[in-house]
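The lines below spell out each chain.
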Amino acid sequence: MSRRILVTGSASGIGAALAEQLSSAGDHVIGLDRHDAEILCDLTDAAQIDRAIAAIAGELDGVALVAGVPGTADPETIFAVNTMAPQRLAEGLASKMRDGAAIVAVSSVTAARCPLDPAACDAWQAMTPVQLASQPGIIDGKTAYEYSKGLLNRWVQVAALRFHSLGIRVNGVSPGAIETPILRDFEISIGEEHLARAEQMTGRHGRPDEIASVIRFLLGPDAGWINGADIKVDGGLHALRAAGKTVGEPA
Ligand code: NAI
């Protein structure tokens, strides 16, 4: 049976790969992006998000929150698009989602650099993007990106609890470096050398379809007992690094 799934960030990279995979499997994809999408919406603008929610008629089987901006953007935009927009969309759409539906939010392995504990994250969630951007620790776009995804990971847990009684699962996917248009921005914000070392360790960067297939799995019934999880999809980079520290670098 064809499912109705909203995909944000559907115009490019991982979101476009996901839309393609879902459509090929017979699902009806509702794409949302600032350009080249069925629903045009600037996710920095709460009023546009609310209009997009209102524009979606009928029930949804899934919501994939893929849109995001890298650390080359300004901190306010980073918190608006990466943290606040996914929450506002998901919370606004929950009443339009079927029992058994799923939400997947795309985070990042760099969320691990966010030093906030869960209680601090919950306190930060109440702030506006402008307030978030001026918190201690947010010194540039790179740190804003790390915190934005750390806050998103915590929200996934809170949302899993909040939507549990509705029968909606909520999970996160955390990619490592993936060959999409924003990889160049990550080279600027994180550093070319850092990404080159990662690429050397795993042999290559990931492809958008390799993240899309994990999101697709989490959206579907085969992942019915996975809830509130963060799935790292980084070609093994973090495991290789962690193991290399104690047993030596791989040959
Ligand atoms: P991309 O740049 O190819 O796609 C991002 C999409 O989000 C674009 O279509 C863009 O138009 C949309 N978007 C950005 N700001 C928007 C706004 N204000 N309103 C509406 N749409 C907006 O990048 P990619 O790689 O596909 O990124 C997808 C997600 O994956 C992001 O959340 C990113 O943080 C995450 N990610 C990507 C990694 C990578 O190496 N490519 C690594 C880790 C996480």
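Scoring rules and cut-offs
Residues numbered from 1 in each chain as written. Predicted model: local features only at pLDDT ≥ 70, side-chain atom pairs only at ≥ 80, totals over all residues. Heavy atoms only, no water. Buried < 20%, exposed > 50% of the residue type's maximum accessible area, 1.4 Å probe, protein only. Helix = DSSP H or I, 4+ residues; strand = E, 2+ residues; numbered from the N terminus. Arc of directions from axis to C-beta. Contact = heavy atoms within 4.5 Å. Pairing = 2+ DSSP bridges. Right-handed = clockwise from strand over helix to strand, strands pointing away. Core = buried A, V, L, I, M, F, W, Y, C linked by side-chain atoms within 4.5 Å.

### Side note on helix H7 (residues 183-190)
Thinking step 1. Along H7, the residues classified as buried are Leu183, Phe186 and Ser189. Around the axis of H7, the buried residues are gathered within 115 degrees of arc, so they sit on the same side.
Thinking step 2. For H7, the elements touching its buried residues are helix H6 (141-162) and helix H8 (192-202).

### Comments concerning the pairing of strand E1 (residues 4-8)
Thinking step 1. Burial runs high along E1: four of the five residues are buried.
Thinking step 2. Pairing of E1 with strand E2 (residues 28-33) involves five bridges; the strand directions are parallel. Its bridge partner being in E2, Thr8 is matched across the sheet by Leu32.
Thinking step 3. Since E1 and E2 lie parallel, the crossover through helix H1 (residues 13-24) that links them has a hand, and here it is right-handed.

### Digging into the nonpolar core
Thinking step 1. Core analysis: the biggest nonpolar cluster contains 31 residues, and Leu6, Ile103 and Trp155 have the highest contact counts within it.
Thinking step 2. Per-element accounting of this core gives the leading share, five residues, to H6.
Thinking step 3. Contacts of Leu6, omitting those with residues within four sequence positions, involve Ile30, Leu32, Ile39, Ile56, Leu60, Gly62, Val63, Ala64 and Leu93.
Thinking step 4. Core analysis: the second largest hydrophobic core is formed by 23 residues, Val29, Val106, Ile211 and Val214 among them.

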